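Commentary on secondary and tertiary structure
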Amino acid sequence: MIVAIDGPAGSGKSTVAKLAAERLGFAYLDTGAMYRAVAWRALELGIALDDEPALTAIATNEPISFGYLKGEPLPSEVYINDIDVTREIRTPATDLAVSPVSAVLGVREALVAQQQRIGMLQDTVMEGRDIGTAVFPGAELKVFLTARPEVRAERRLCQNAERFGKEASSMDREAILADIIRRDTYDSSREHSPLVAADDALVLDTSDMSISEVVDWIVNHAAA
C-alpha cells in the first residue's frame, strides 16, 4: 500500500508522514530530502541553478541514500555520494535552491524513478509535492495537506530553531513567510509536475490541528 502525502512547504508533511508510518508499520520516504540533496550538491560544486544538464547529471550519477539508527525503522541521516548532508539540506541556502532544482525535468525523472523503485518494495508512506500526481498516481490513499502561510512560517521558524539553535535567531519571521509564499508560487506554476492536489486526493487544512490529530486522521483513513 502507498500512502501519498503532498503539500506545500511548512504544511507538516515530514513530521506527520514519519509518525503515520510508525503507527501503520510502513516504511517512510522523504522525497523532498532527495531534491534537497541534489540542490545542496549543486551549491557545493558551484553549479548554476539553471544549468539543467549539470543538475540532471548530479541526480542521475550521484546516489542518494538514507542512514538508520540501530533498531529504528525511520531514517535519521541523508547522504549523497556517501556525503552526510542531513543538516546541510535544511539550511536557508538550500531552501532557496531546492525549488529551481526540483523544477528541472531531468532531475525529476531521475529521482522519480528511484522513488518508484523504493515504493514498490514494501508498504510505504511517501511525502513530497507530486507523489499523488506523478510518482504514484495509483496510490491507495492520497492526502494533500495545507495550512495558512502565516501558520506555515511559524512552524518553519520553530523547526529552524530546533535544528540550528542560536544560528536561527537571526532568521526573520517575515523573510520566512516571504520565502514560503515565493515557493508556493514557484512550485505551483512550474512546467513539470507542479504542486497541485490530485483529483482524488483528500485535502486537509492543518492550520488549527495538532500533529497528533492530523496523524490520527491519516491513519484512520489508511485503515478504512
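As a starting point, this report considers the structure included with it. (Residues numbered from 1 in each chain as written. Predicted model: local features only at pLDDT ≥ 70, side-chain atom pairs only at ≥ 80, totals over all residues. Heavy atoms only, no water.)

1. Thoughts on the side chain of threonine 124
The topology assignment puts threonine 124 in strand β6 (residues 124–128). In this structure threonine 124 touches Met1, Ile2, Val3, Phe26, Ala27, Leu29, Ile118 and Gly119, once residues within four positions along its chain are discounted. (Helix = DSSP H or I, 4+ residues; strand = E, 2+ residues; numbered from the N terminus. Contact = heavy atoms within 4.5 Å.)

2. Quick look at the sheet that holds strand β5 (residues 83–84)
What the three strands build is an open sheet, ordered β3-β4-β5; its pairing is antiparallel. With partners counted over all chains shown, the strands left at the sheet margins are β3 (64–67) and β5, one partner each. Where β3 and strand β4 (residues 77–80) come together, four bridges link them in antiparallel fashion. Bridge pairing in β4 links glycine 67 to glutamate 77. (Pairing = 2+ DSSP bridges.)

3. Describing unusual backbone geometry
A positive phi is found at asparagine 81, a non-glycine position, where the angle reads about 55°. Its place among the elements puts asparagine 81 in the loop between β4 and β5. Its relative accessible area of 33% is what places asparagine 81 among the partly exposed residues. Of note, the phi angle at aspartate 82 is positive, near 70°, even though the residue is not glycine. Along the chain, aspartate 82 falls in the loop between β4 and β5. (Buried < 20%, exposed > 50% of the residue type's maximum accessible area, 1.4 Å probe, protein only.)

4. Describing the pattern of salt bridges
Scanning all chains against the criterion turns up twelve salt bridges. Residues arginine 108 and aspartate 130 are paired through a salt bridge, measuring 2.5 Å at the closest nitrogen-oxygen approach. With arginine 108 in helix α5 (residues 105–119) and aspartate 130 in the loop between β6 and α6 (131–135), this pair connects stretches of sequence that are 22 residues apart. Summarising the burial analysis for this pair, arginine 108 and aspartate 130 share the class buried. (Salt bridge = Lys/Arg side-chain N within 4 Å of Asp/Glu carboxyl O.)

5. Some points on the sheet that holds strand β2 (residues 27–30)
Read across the sheet, five strands follow the order β2-β6-β1-β7-β8 without closing on themselves; strand pairing throughout is parallel. This sheet does not close on itself; its edge strands, each paired only once, are β2 and β8 (202–205). Between one strand and the next, the sheet's axes are offset by a mean angle of 20°, whatever the strand orientation. Inspection of the sheet shows strand β7 (residues 141–146) paired to β8 by four bridges, in the parallel sense. What sits directly across from threonine 146, in β8, is aspartate 205. Seen against the sheet, helix α1 (residues 13–24) touches β1 (2–6), β2, β6 and β7 and runs at an angle of roughly 175° to β6. Contacting β1, β7 and β8, helix α9 (residues 211–223) crosses the sheet at an angle of about 160° to β7. (Axes fitted to C-alpha atoms, helices over the stretch in contact; angles between N-to-C directions.)

6. Overview of the environment of proline 137
In this fold, proline 137 is placed in the loop between α6 and β7. Residue class for proline 137 comes out partly exposed when judged on its relative accessible area of 48%. Through-space distance from the C-alpha of proline 137 to that of alanine 201 is 10.0 Å; in sequence the pair is 64 residues apart. Ignoring any residue separated from it by four or fewer positions in sequence, one finds proline 137 in contact with Ile131, Gly132 and Lys142.

7. Looking at the packing of helix α2 (residues 31–45) against helix α3 (residues 52–61)
Where α2 contacts α3, the two axes come as close as 10 Å, and the packing angle between them is 125°. Taken together, the axes of α2 and α3 lie oblique to each other. The handedness of the crossing between α2 and α3 is right-handed. For the pair α2 and α3, contact is made by Val38, Arg41, Ala42 and Leu45 and by Leu55, Ile58 and Ala59, respectively. Class assignment of the residues belonging to the contact of α2 with α3 gives a composition of six nonpolar, no polar and one charged. (Parallel < 35°, antiparallel > 145°, perpendicular 65-115°, else oblique. Left-handed = near helix turned anticlockwise from the far one by under 90°. Nonpolar A, V, L, I, M, F, W, Y, C, P; charged D, E, K, R; others polar.)

8. Looking at α1
Helix length check: α1, at twelve residues, gives a terminal C-alpha distance of 16 Å against a target of 16 Å (1.5 Å per residue), a fit within 8%. Taken together, the buried positions of α1 are occupied by Lys13, Val16, Ala17, Ala20 and Ala21. Taken down its axis, α1 places every buried residue within 130° of arc, on the same side. Where α1 is buried, its residues contact β1, β2, β6, β7 and α9. Phi for glycine 25, located one or two positions after α1, is positive at around 75°. (Expected span 1.5 Å × (residues − 1). Arc of directions from axis to C-beta.)

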